[in-house]
Amino acid sequence: MSKSDKFENRELSWLDFNFRVLSEARDNHIPLMERLKFLSITASNLDEFFMIRVASLMDQVNAGYAKKDIAGMTPKEQVDAILKKCHDFVDVQYSTYGRSFLPSLKKAGLEIVTEYEKLTPEQAEYVDTYFKQEVFPVLTPMAVDSSRPFPLIRNKSLNIGALLMDKKKKDTIDFATVQVPSVLPRVVTIPSEHENCTAVILLEQIIEKNIQKLFMNYKVLCATPFRVMRNADLTIDEDEAADLLIEIEKQLKKRQWGQAIRLEIEDNPDKRLLKILKKELNVEEDAIFKIGGPLDLTFLMKVYDMEGFDRLKEKPFKPRQPRMINPERGLFEQIRERDILLHHPYESFDPVVDFVKTAARDPEVLAIKQTLYRVSRHSPIIASLAEAAENGKQVSVLVELKARFDEENNIVWARMLEKAGCHVIYGLVGLKTHSKITLVVRREEDGIRRYVHLGTGNYNDSTAKLYTDMGMFTCKPQYGEDATAVFNMLSGYSEPLAWNKLSLAPMWLRNHFLALIDRERHNAAIGRSARIIAKMNSLCDAEIIEALYAASAEGVQIDLIVRGICCLRAGVPGLSENIRVRSIVGTFLEHSRIYYFENNGSPEYYMGSADWMPRNLDKRVEILFPVEDPELQSQVRHILDVQLSDTKKAHILMPDGTYEKQDQRGKEPINCQMIFCEEAKKLAAPFTF
């Protein structure tokens, strides 16, 4: 088989995932405002994809790099295929917005004004007054002529480009631009001509129609909104960086002015205006997206947050008290009795926050050690770590400064923790620390005891309400020894000769996974029971995929739950007929990583922070931990089984590489996320021990 027959291209597979998110926006069975949110998410997803993945490929093309990926495509071939598919994607995005959302919203009592000329006299007067009083003082028009060079257009900023003709020199046409100020609300509520109806207009429309007031001595020939996407992939030479924190701060400033990789402009622009933008921004023709609607659909999240439309939303789910934790008893006491499993967001993240807060105030706690990758803007965990240091405890925190798009936030937290007296580590050179682990060292009557929390998701109390993740508390000595070894390795150069329970990347996690897969292959070959169930965000590691193909060939039944990228081809005769792949896209973002291996009737369960991707296995510090308690194993298996039975939110990967939702005729409609919500409500109380 050729590479393209065996593997799917990573970037095109990601675009397929964004199409699956878009399909949720187009599903009429979902409440209108929830569909609106999905459409907004597809826009923010696409922005990040261009800034990082497409930008990286364009760098390779510009450098003359021609090595093929696992699907046999060169960087140039990938860029060409991506841009073609992205144009198709944007067309569907905007047809969904214009043909479906605008009329549906208006019918529901929310009118998004699309044509300035259709404003009533009352509305026009209101908008003109709003421009004069609120908008005009904030604007900074930038003209371009022989004395004023083309201005730097910031990454992702929304701008209005205009062609001007001097009223005195009518043979001269100049270019000018004005940035739509992000400090003002983009969605502006205006008086409605109908009772029980809300009308809004976008800020750029107000500016565009009043732009003549910014250039009084000129005649505005045309004005068109445009937006530039730039390369935001930071390049940091950690070996040469004397201070990683300062170096990242420098690179963050450059992110605003990286190479332009995509130009979005409203449909049917003036050809002269487009020619100037294309030349000055140095963008290729196929990287220009002519948009039939408002640029940057992320504004729809602001529309979603508008008051008065709760009837168009799903009833919000409030995470429940975890069934294995009694809030009336001390958490350390309960962890001593047994391992505790948490399933977020169905079960509250509060016990994890309380774990750190309690440790910070407990006089018997000697030390707290934690890795932080992404945290919330007002993180209670950060506050507790600072309090712990002020209380005289030994506090060590690894803050990963290279967490993409959270670098600035993490720099702020790192400085605050250092000021509070914490020992702050910035990670290992050349590696991102992506593991999720907390260690609390406590003095007790029978000696020192180590309490450990291990998870699949970030220590972020905000995203814990939106992402599905797993976590486990334990104080078993072998986990505690390994946790201590992890932090010693991160803070110094100490690495133990052997590990008890934890498997770490980049040291030997890859080989551990390959050995587990190969064991299932061997068991199937000699007639023993063999099965693999694996849930993750992405699957694109060629060596892992080849091992799965080999296991499938021996008869191992393999079920993969892969939310995003999947480079494996499923159900292909002679290659993967025993492999099934499903992607679940629902209300919550599927984020947990769970791995099940049948092991001839003695199943093993693992959870961790790593996907089956080269970056996770080779370029990051990741932790995989076993779940050994039989009751906890039963809970994990139940979670996997329910997800495998989903008939509403699961998209099935077909042998030709496309994804299809299951035909639900004659089947009970099963939404796994809603089942977990209902179970959490039933199992939250009373407490049984």
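Cut-offs used in this document
- Residues numbered from 1 in each chain as written.
- Predicted model: local features only at pLDDT ≥ 70, side-chain atom pairs only at ≥ 80, totals over all residues.
- Heavy atoms only, no water.
- Buried < 20%, exposed > 50% of the residue type's maximum accessible area, 1.4 Å probe, protein only.
- Helix = DSSP H or I, 4+ residues; strand = E, 2+ residues; numbered from the N terminus.
- Pairing = 2+ DSSP bridges.
- Right-handed = clockwise from strand over helix to strand, strands pointing away.
- Axes fitted to C-alpha atoms, helices over the stretch in contact; angles between N-to-C directions.
- Phe/Tyr/Trp six-rings, centres within 6.5 Å; stacked < 30°, edge-to-face > 60°.
- Lys NZ or Arg CZ within 6 Å of the ring centre and 35° of its normal.

(A) The arrangement of the pairing of strand 12 (residues 394–399) in detail. Of all the 6 residues making up strand 12, 5 are buried; the element is thus mostly covered by neighbouring parts of the structure. The sheet contact formed by strand 11 (residues 365–372) and strand 12 spans 6 bridges and is parallel. Following the sheet pairing, Q370 is matched in strand 12 by V397. Between the parallel pair strand 11 and strand 12, the chain is carried across by helix 12 (residues 380–390), and the sense of this crossover is right-handed. Pairing of strand 12 with strand 13 (residues 423–425) involves 3 bridges; the strand directions are parallel. Along strand 13, the bridge assignment pairs L398 with I425.

(B) Representation of the sheet that holds strand 2 (residues 141–144) in the model. Within the open sheet, the 6 strands sit side by side as 2-4-3-7-8-9. Their pairing is mixed. The outermost strands of the open sheet, each flanked by one partner alone, are strand 2 and strand 9 (288–291). Between one strand and the next, the sheet's axes are offset by a mean angle of 30 degrees, whatever the strand orientation. One ladder, built from 7 bridges, connects strand 3 (residues 158–166) with strand 4 (residues 173–179); its direction is antiparallel.

(C) Spatial organisation of the packing of aromatic side chains. Throughout the structure, instances matching the rule amount to 20 aromatic pairs. Between F513 and W612, the aromatic rings sit 5.3 Å apart at their centres with planes inclined by 85 degrees, giving edge-to-face as the arrangement. Taken together, the residues span a long stretch of sequence, with F513 in helix 15 (residues 509–525) and W612 in the loop between strand 24 (604–608) and helix 17 (614–618) at a distance of 99 residues. Feature note: the residues W14, F17, F49, F50 and F289 constitute an aromatic cluster, connected by ring pairs. If you follow R262 out to its NZ or CZ, it ends over the ring of F50, 4.4 Å from the centre. Taking the ring centre of Y596 as reference, the NZ or CZ of R637 above it sits at 4.7 Å.

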